Amino acid sequence: MSRQLMIYERAVPISSERHRDWSVRTGGDFSFAREVNSVPLLAAEFIAAATDHAIVFAGDENTVFPSVILGMHDNANGNVGEDGSWTGGYIPAFLRRYPFVFSRSEDGKTFTLCMDEEFDGFNKDGKGERLFDADGNRTQYLESMLTFAREYQALFDRTQIFCNRLKELGLLDAGQAQFNLPGGESSQLGGFFTINRAKLKALPPETLAQMASTDELELCYVHLQSLNNLTPMARRLAEGAAAPKGKAAKKVKSDA
């Protein structure tokens, strides 16, 4: 199964035979995301996310994907409160679609809607929204989740095309951020890529025009502007609560 998982413990295909009597109760509890310091971000989310978060590109020399930074320490999301509430402004679609996710066949042609059976909101007591009706047909709720997952996957594929273009043009450089936090603690974050502004400006006029026509140029500058959120975010997380006991984050992780 193709892994875009990170927060998923046991994602299995949804079926009326297995999940006919299951219901799901969702709400404002984001405890499932408490231990991730970054998650994938779709290109369509850049403008909304850049208001609150720093956007970088995570991955390796072969494949990269946009990622939104959510915490300054490994296994610690600074945007989830003690009660599980979300405290960080924009909520990435990667988290909003949980506990549902698409798995892709090895040939990339078939997608199957799955769900994390370990999600606390699943139950057989009829609490929340049912997945199937008494006849074993999908409920309107499950249909809406299927539509959301389809739209997410389409935007995911379009985002990957954008990332491939950045790599082809040689615009990405390895990045690292280091912070001096209140109280004298230092923290650093690495393992990600950022767009080189000088290389972007030096592209041939026809390439820049083409990128402008597809909104890719706008995405590049939204990403660069969002990096200004790194220091304020680090200070906010440090001032809002005591620093997590875990180690300082070494890298931004990508499971896209």
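Residues numbered from 1 in each chain as written. Predicted model: local features only at pLDDT ≥ 70, side-chain atom pairs only at ≥ 80, totals over all residues. Heavy atoms only, no water.

Enquirer: Can you help me understand the nonpolar core in this one?
Expert: Nonpolar side chains in soluble globular proteins generally cluster together in the buried interior. By size, the foremost hydrophobic cluster in this structure holds 62 residues, and its most contacted members are Phe-57, Phe-100, Leu-131, Ile-195 and Leu-200. The greatest single-element share of this core, amounting to 10 residues, is contributed by helix H4 (residues 140-168). Leave out the neighbours within four places in its chain, and Ile-195 touches Phe-57, Leu-166, Leu-171, Leu-172, Leu-200, Cys-220, His-223 and Leu-224. With 11 residues, the next largest nonpolar core counts Val-56, Met-72, Met-233 and Ala-234 among its residues. (Core = buried A, V, L, I, M, F, W, Y, C linked by side-chain atoms within 4.5 Å. Buried < 20%, exposed > 50% of the residue type's maximum accessible area, 1.4 Å probe, protein only. Helix = DSSP H or I, 4+ residues; strand = E, 2+ residues; numbered from the N terminus. Contact = heavy atoms within 4.5 Å.)

Enquirer: Just checking my understanding: could you explain the state of the cysteines for this structure?
Expert: The term disulfide refers to a covalent linkage connecting the sulfur atoms of a pair of cysteines. Within the structure shown, the criterion is met by 0 disulfides. Here Cys-163 is not disulfide-linked; the sulfur of Cys-220 is the nearest cysteine sulfur, at 9.9 Å. Among the residues examined, Cys-163 registers a relative accessible area of 0% and is labelled buried. (Disulfide = S-S within 2.5 Å.)

Enquirer: What's the story with the pattern of salt bridges in this structure? I'm lost.
Expert: Any two side chains of opposite charge can pair, so long as their charged atoms come close to each other. This model, assessed by the stated rule, comprises 7 salt bridges. Residue Glu-216 pairs with Arg-165 through a salt bridge whose shortest N-O separation is 2.9 Å. Here the residue Glu-216 occupies a position in helix H7 (residues 216-226), and Arg-165 occupies one in helix H4, the gap between them amounting to 51 residues. Neither residue differs from the other here; Glu-216 and Arg-165 are each classed as buried. The shortest N-O distance in the salt bridge between Asp-173 and Lys-199 comes to 3.1 Å. With Asp-173 in strand E10 (residues 172-180) and Lys-199 in helix H5 (residues 197-201), this residue pair connects regions lying 26 residues apart in the sequence. The exposure class of Asp-173 is partly exposed, given its relative accessible area of 24%. On the basis of relative accessible area, Lys-199 is assigned to the partly exposed category, the value being 37%. (Salt bridge = Lys/Arg side-chain N within 4 Å of Asp/Glu carboxyl O.)

Enquirer: I keep staring at the pairing of strand E7 (residues 111-116) and nothing clicks. Help me out?
Expert: In summary, the side chains of a regular strand alternate between the two faces of the sheet. The pairing of strand E1 (residues 11-13) with E7 spans 3 bridges and is antiparallel. What sits directly across from Ala-11, in E7, is Asp-116. Relative to E7, strand E6 (residues 100-104) runs antiparallel, the two being bridged by 5 bridges. Along E7, the bridge assignment pairs Val-101 with Cys-114. (Pairing = 2+ DSSP bridges.)

Enquirer: When you look at the confidence of the model for the protein in this model, what are you seeing that I'm missing?
Expert: Regions with low pLDDT should not have their predicted coordinates read in detail. Averaged over all residues, the pLDDT of the protein equals 87, while 87% of them reach at least 70. Here residues 242-248 is a poorly scored stretch, pLDDT under 50, and it has 11 contacts once near neighbours within four places are set aside; other chains count. (pLDDT = per-residue confidence, 0-100.)

Enquirer: I tried to follow the sheet that holds strand E2 (residues 23-24) on my own but got confused; where do I start?
Expert: Across a sheet, strands are paired by hydrogen bonds formed along the backbone, either parallel or antiparallel in direction. On the basis of which strands lie adjacent, the open sheet formed by 3 strands has the order E8-E2-E9 and antiparallel pairing. The sheet is open, and its two edges are formed by strand E8 (122-123) and strand E9 (129-130), each paired on a single side. Relative to E9, E2 runs antiparallel, the two sharing 2 bridges. Bridge pairing in E9 places Ser-23 opposite Arg-130.

Enquirer: Just to check I follow, could you spell out the sheet that holds E6 for this structure?
Expert: The strand order across the open sheet formed by 3 strands is E1-E7-E6, and the pairing between neighbours is antiparallel. The two strands at the open ends of the sheet, each matched to only one other strand, are E1 and E6. Neighbour-to-neighbour, the strand axes of the sheet open up by a mean angle of 45°, direction not taken into account. Contacts from H4 reach E6 and E7, with the element oriented near 55° to E6. (Axes fitted to C-alpha atoms, helices over the stretch in contact; angles between N-to-C directions.)

Enquirer: Can you help me understand the packing of helix H6 (residues 205-213) against H7 in this one?
Expert: Packed helices, taken two at a time, are described by the angle between their axes plus the distance between the axes. H7 packs onto H6 with a crossing angle of 85° between their chain directions and a minimal axis gap of 5 Å. Here H7 runs roughly perpendicular to H6, going by the angle between their axes. For the pair H6 and H7, contact is made by Leu-208, Met-211 and Ala-212 and by Glu-216, Leu-217 and Cys-220, respectively. Taken together, the residues of the contact of H6 with H7 break down into 5 nonpolar, no polar and 1 charged. (Parallel < 35°, antiparallel > 145°, perpendicular 65-115°, else oblique. Nonpolar A, V, L, I, M, F, W, Y, C, P; charged D, E, K, R; others polar.)

Enquirer: Looking at this structure, I do not really get a negative patch on the surface. What am I missing?
Expert: A cluster of acidic side chains, namely Glu-9, Asp-29, Glu-82, Asp-83 and Asp-120, defines a negative patch on the protein surface. Within the secondary structure, Glu-82 is located in the loop between strand E5 (64-69) and helix H3 (93-96). Since its relative accessible area comes to 82%, Glu-82 is described here as exposed. (Patch = residues over 30% accessible without salt bridge, like charges linked within 9 Å, V, L, I, M, F, W, Y side chains within 5 Å. Areas by Shrake-Rupley, 256 points an atom, 1.4 Å probe, with all protein chains shown as cover. Lys, Arg positive; Asp, Glu negative; His and termini not counted. Charge placed at Lys NZ, Arg CZ, Asp CG, Glu CD.)

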